[in-house]
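Coordinate inspection notes
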Amino acid sequence: MKKLTTKLLLLATTASTLNAHEGPWTAVRPDGHAPITVMGDHMHAMGEWMLSYRFMSMDMEGLLRGSDNVSTNSMLTKNGGDYAMLPEKMSMNMHMLGTMYAVSDKWTLMAMLNYLDNDMDMNMEMGVMKMVMKSSVESSGFGDIKFSGLYDLASWDNGQRIHFNVGISVPTGSIDEKASDGKILGYGMQLGSGTWDFLPAITFLGQTDNYSWGAQVGGALRMGDNDRGYSLGNRFDAILWGARKLTDSFSLSAKFDYATQGEIDGKDADISARNMMMKSPGFDPASQGRDLSTFGLGLNYYCRNGTFKGHRLAVEWETPMSEDVNGVQLEMDSIWSLGWQYAW
Ligand SMILES: [Cu+2]
């Protein structure tokens, strides 16, 4: 995957130098913003504000051990497997409210608040007969609040620019979400990381008359352990996208995203106690985090006149190209994202 990313980066760089447009990069076109799932992709001119809302829906179904599909049956203790409880499917819905403000032409500030809604169905062995029963759990609430600053490193007269993103994630999301019976939920059902996370990234943008492209490399570094005694794995993310301007209002985009997140360091004592009673990958720090490469297709709409002048709507669909989970986890199926943005 690293090789592929390097090749794509090279290709994009070559294409963009061959075909640069006159004048500096501009946001005033449908592909002036990246595919809707890319955060902190663009900057604003001094004094400009932006509001955004995104809805993201992720569906996971079926089990992976590493990158291999495995059946629930083969993993249960009654069939010689390791686990007494296994997830079957999960949906994660996220509402994201964002705002941006450019304090100068060099610095754009950004804040983002998430509301999460998770549903998971499980299979578990019950009683001495180890009958397999279905059950489901849910969790919802606000996630971690993120603040970032985007700093303009350089912009050129051929439509290319580069900026640095520096952010912090504040541990406002709950990490002691419980099921209806009062027992703590597994790691994947919690709403925040519980730690202050450092979020650095670097973003390249380029435009030609009808095409645009971008690349962003970034990550999340957990600072210390949370108050329940663990930290999520660090995250690294490399994104490359290209877009074709179809009209003054519409553009189509394609995106490759490679993300890797390590397993959990440390453990939550209450979750470990649950794991002793009913062994499940959801309770295991080593069954968290994964490598995931996705391909995404998106459509951006930029309203040019009338009452809704300046409003943007976007949709993106993502599907995994390859997936390698730590331990045993649910397999990512698809991700749908919808978004609205308005700058003034
Ligand atoms: Cu913006």
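Summary of the structure given here. Since we're looking at a predicted model, the values are computed, not measured.

**Overview of the overall build of the protein**
The helix and strand inventory of the protein stands at three helices and 16 strands. In terms of overall size, the protein behaves like a compact globule, its C-alpha atoms giving a radius of gyration of 22 Å where 344 residues would be expected to give roughly 20 Å. Projected onto its principal axes, the C-alpha coordinates of the protein cover approximately 75 × 35 × 35 Å. Looking at the 344 residues of the protein, the share that counts as buried comes to 40%. Counted over contacts in the protein with a minimum sequence separation of 6, partners at least 24 positions apart contribute 69%.

**Regarding the environment of Phe-142**
Inspection of the secondary structure puts Phe-142 in strand S5 (residues 131-142). As a C-alpha pair, Phe-142 and Leu-191 span 49 residues in sequence and 7.0 Å in three-dimensional space. Not counting the four nearest positions on each side in its chain, Phe-142 is found in contact with Leu-113, Asn-114, Tyr-115, Thr-172 and Gly-173.

**Observations regarding the pairing of strand S15 (residues 311-325)**
Examined bridge by bridge, strand S14 (residues 290-302) and S15 share 13 bridges and lie antiparallel to one another. From the neighbouring strand, Ser-293 faces S15, where its bridge partner is Ser-322. Hairpin connection of S15 to strand S16 (residues 328-343): two residues between the antiparallel strands, including Gly-327 at a positive phi of 65 degrees.

**Concerning the nonpolar core**
Across soluble globular proteins, nonpolar side chains show a tendency to be buried alongside one another. Ranked by size, the top nonpolar core spans 25 residues in total, and within it Leu-63, Met-75, Tyr-83, Met-85, Leu-86 and Met-120 carry the most contacts. When residues of this core are traced back to their parent elements, those giving at least two are strand S1 (49-65), strand S3 (85-102), strand S4 (107-126) and S16. Setting aside chain neighbours within four positions, we find Met-75 in contact with Leu-63, Val-70, Gly-81, Asp-82, Tyr-83, Leu-86 and Val-328.

Calculation criteria
- Residues numbered from 1 in each chain as written.
- Predicted model: local features only at pLDDT ≥ 70, side-chain atom pairs only at ≥ 80, totals over all residues.
- Helix = DSSP H or I, 4+ residues; strand = E, 2+ residues; numbered from the N terminus.
- Rg over C-alpha atoms; globule rule 2.2 N^0.38 Å.
- Buried ≥ 20, exposed ≤ 12 C-beta atoms within 10 Å, placed from the backbone.
- Contact = placed C-beta atoms within 7 Å.
- Pairing = 2+ DSSP bridges.
- Core = buried A, V, L, I, M, F, W, Y, C linked by C-beta atoms within 7 Å.

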